[in-house]
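What follows is each chain in one-letter form.
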Amino acid sequence: MTLQIGVIGCGAIGQDHIRRMCQTLSGARVVAVTDIDAQQVREVMARHGPDIEAFDSGPALVAAPQVQAVLVTSWGPTHEELVLAAIAQGKPVFCEKPLAVTAAGCLRIVQAEMAHGQRLVQVGFMRPYDAGYRALRQVIASGQIGAPLMVHCAHRNPCVADGYTTGMAITDTLIHELDVLRWLLDDEYASAQVVYPKRTRHALPHLADPQIVLLETVGGIRIDVEVFVNCRYGYDIQCEVVGETGIARLPDPAAVSLKSTAMYSIPILTDWKQRFMAAYDVELQAFIDGVRGQRLTGPSAWDGHAAAVAADACVLAQSSGAVERMAAAPRPAFYQS
Ligand code: NAI
Ligand code: ISE
């Protein structure tokens, strides 16, 4: 059976996921799309139509009988309502991060999914599917560097859209680290603090950039994450774990090094789509396979909630300047894998 998918939101990642479902992945086809911006829908139809049907709204698409599973790739504040609509219809839903913009919103999704009685939600946290992060996790688990003590991370974008806000550095950008570091360290967060270095001249006046987020885990590991979204030089994701007896570092993407004109150089990617291209392929194939096999295994609504609890504390810390404590609720049995 080919899974019939409807996509809500045909912007940057929506169109990228549609392309991969139409050209790269197997077992699914896109049968329906919607976007509040009609031009985005026209672009999709021009590239991938004519078998795709355009809908007037997300709820109408979710309710359509030919839509068997839903992809939510619209703006973050719209996610909660759309995911809840899919759960109400008993339809599996892949939702891009953030699952909802607050922990309370994520909890409403968790409660609706548990009431349904079977997992329906996968969150678009793709880093656990990235080969580099997977290798890093294996090294940590093997004990080769001893117990992790500290983690140094950087999340750098060359630039961001004008509407990007100081809070989005947490809810839109850091959220990837908040998810992947729990998974990498098998630990939960205990506190967060945000400090602001000297501001770059390349950020718009309303945006504090860069920011440094300091996290402590329940197990006592100290984490620093530099979020710098106007770094200009490239899209650069760094993660170094310092253990008792060694250091393990996330590999940079493979690239040809060049010796030429008295220079030794290695190119740096500039686009998140390319940096995590393979991981996006694997995560979405896992969703399709999970739905077809009636067993979703990827990042769950509970993972979306856990990241959002930490994000809420970080957002509070952005304005308070204080160390904000947080308590991760115990994982419900429903979400034990
Ligand atoms: P975008 O602005 O390029 O596209 C979003 C689209 O959603 C727009 O075309 C907009 O018109 C549409 N939209 C907004 N509200 C809608 C609604 N109620 N119904 C239908 N369409 C609606 O944004 P982008 O970059 O594609 O981001 C979308 C989501 O994906 C965000 O939540 C973002 O955080 C996430 N994302 C995840 C990435 C990842 O690495 N996993 C990378 C980029 C984005
Ligand atoms: C964007 O929405 C993403 O999810 C990218 O992966 C991230 O690097 C970027 O900062 C976000 O704005």
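Scroll up for the structure.
Being a predicted model, the structure only gives us computed values, none of them experimental.

Draft legend 1. Spatial organisation of the overall build of the protein chain. Scanning the protein chain for helices and strands turns up 10 helices and 15 strands. Here the C-alpha radius of gyration of the protein chain, 20 Å, is about what a compact globule of 337 residues would show, namely 20 Å. In terms of overall dimensions, the protein chain has C-alpha extents of about 55 × 55 × 45 Å along its principal axes. The 337 residues of the protein chain split such that 53% are buried. Across the protein chain, every contact between residues at least 6 apart in sequence was considered, and the portion connecting residues at least 24 apart equals 73%. Total accessible area on the protein chain is roughly 15200 Å²; 55% of this is exposed by carbon and sulfur atoms. Positive and negative side-chain charges in the protein chain, numbering 27 and 34 respectively, have mean positions lying 3 Å apart.

Draft legend 2. Looking closely at the environment of Ala103. In this fold, Ala103 is placed in helix 5 (residues 103-116). Note on Ala103: relative accessible area 10%, which makes it buried. Each C-alpha atom of the pair Ala103 and Arg325 lies 15 Å from the other, and the pair is 222 residues apart in sequence.

Draft legend 3. Structural detail: helix 6 (residues 131-142). With 12 residues, helix 6 ought to run about 16 Å at 1.5 Å a step, and its terminal C-alpha atoms sit 16 Å apart, in line with that. Taken together, the buried positions of helix 6 are Gly132, Tyr133, Leu136 and Ile140. Buried residues of helix 6, seen end-on, are gathered within an arc of 95° and therefore sit on one face of the element. For helix 6, the exposed residues lying more than 90 degrees away from the buried face are Ala131, Gln138 and Ala141. Buried residues along helix 6 sit in contact with strand 7 (148-156), helix 7 (168-185), strand 11 (236-243) and strand 12 (247-249). Capping the start of helix 6 is the job of one residue whose side-chain oxygen sits 3.1 Å from the backbone nitrogen of Gly132: Asp130. One or two steps after helix 6, the chain reaches Gly143, where phi turns positive at roughly 85°.

Draft legend 4. Structural view of the packing of helix 5 against helix 10 (residues 301-320). It is at 8 Å that the axes of helix 5 and helix 10 come closest, and there the two elements cross at 165°. Considered as vectors, helix 5 and helix 10 are oriented roughly antiparallel to each other. Helix-helix and strand crossings are classified by hand; for helix 5 and helix 10 the assignment is left-handed. Contact with helix 5, carried on its side by Ala103, Cys106, Leu107, Ile109, Val110 and Glu113, involves Ala301, Trp302, Gly304, His305, Ala308, Val309 and Asp312 of helix 10 and no other residues of that element. The residue makeup of the contact of helix 5 with helix 10, split by class, is 9 nonpolar, 2 polar and 2 charged.

Draft legend 5. Examining the site of ligand 2 more closely. Taken together, the residues surrounding ligand 2 are Lys97, His155, Asn157, Asp172, Thr173, His176 and Tyr235. One of the side-chain N or O atoms of Asp172 is found 2.7 Å from an oxygen atom in ligand 2. Within the side chain of His176, a nitrogen or oxygen atom sits 2.8 Å from an oxygen atom of ligand 2. Across the complex, the protein chains shield 85% of the 300 Å² of accessible surface that ligand 2 would expose by itself.

Draft legend 6. Here's a closer look at the site of ligand 1. Neighbouring residues of ligand 1: 24 residues in total, closest Asp35, Trp75, Lys97, Asp172 and Tyr280. Here Glu96 contributes a side-chain N or O atom positioned 2.9 Å from a nitrogen atom of ligand 1. Between ligand 1 and Tyr280 there is a distance of 2.6 Å, counted from an oxygen atom to a side-chain nitrogen or oxygen. The fraction of the free accessible surface of ligand 1 (840 Å²) that becomes covered by protein chains is 84%. When grouped by side-chain class, the residues that make up the shell around ligand 1 number 9 nonpolar, 10 polar and 5 charged.

Draft legend 7. Spatial organisation of the sheet that holds strand 9 (residues 211-217). Taken together, the 7 strands give an open sheet; going across it, the order is 12-11-7-10-9-8-15, and neighbouring strands pair in mixed fashion. Each having just a single partner strand, strand 12 and strand 15 (324-325) make up the two edges of the open sheet. Sheet analysis places strand 8 (residues 189-195) next to strand 15, joined by 2 bridges and oriented antiparallel. If you follow Ser191 over to strand 15, its bridge partner there is Arg325. Against the sheet, helix 6 engages strand 7, strand 11 and strand 12, with an angle of about 5° to strand 11. In this fold helix 7 packs onto strand 7, strand 8, strand 9, strand 10 (222-228) and strand 11, with an angle of close to 150° to the strand it touches most, strand 7.

The rules behind these values
- Residues numbered from 1 in each chain as written.
- Chains lettered and ligands numbered in written order.
- Predicted model: local features only at pLDDT ≥ 70, side-chain atom pairs only at ≥ 80, totals over all residues.
- Heavy atoms only, no water.
- Helix = DSSP H or I, 4+ residues; strand = E, 2+ residues; numbered from the N terminus.
- Rg over C-alpha atoms; globule rule 2.2 N^0.38 Å.
- Buried < 20%, exposed > 50% of the residue type's maximum accessible area, 1.4 Å probe, protein only.
- Contact = heavy atoms within 4.5 Å.
- Areas by Shrake-Rupley, 256 points an atom, 1.4 Å probe, with all protein chains shown as cover.
- Lys, Arg positive; Asp, Glu negative; His and termini not counted.
- Charge placed at Lys NZ, Arg CZ, Asp CG, Glu CD.
- Expected span 1.5 Å × (residues − 1).
- Arc of directions from axis to C-beta.
- Polar contact = N/O pair within 3.5 Å; in protein donor to acceptor, adjacent residues only side chain to side chain.
- Axes fitted to C-alpha atoms, helices over the stretch in contact; angles between N-to-C directions.
- Parallel < 35°, antiparallel > 145°, perpendicular 65-115°, else oblique.
- Left-handed = near helix turned anticlockwise from the far one by under 90°.
- Nonpolar A, V, L, I, M, F, W, Y, C, P; charged D, E, K, R; others polar.
- Near = heavy atom within 4 Å.
- Pairing = 2+ DSSP bridges.

The values are spatial; any link to function lies outside them.
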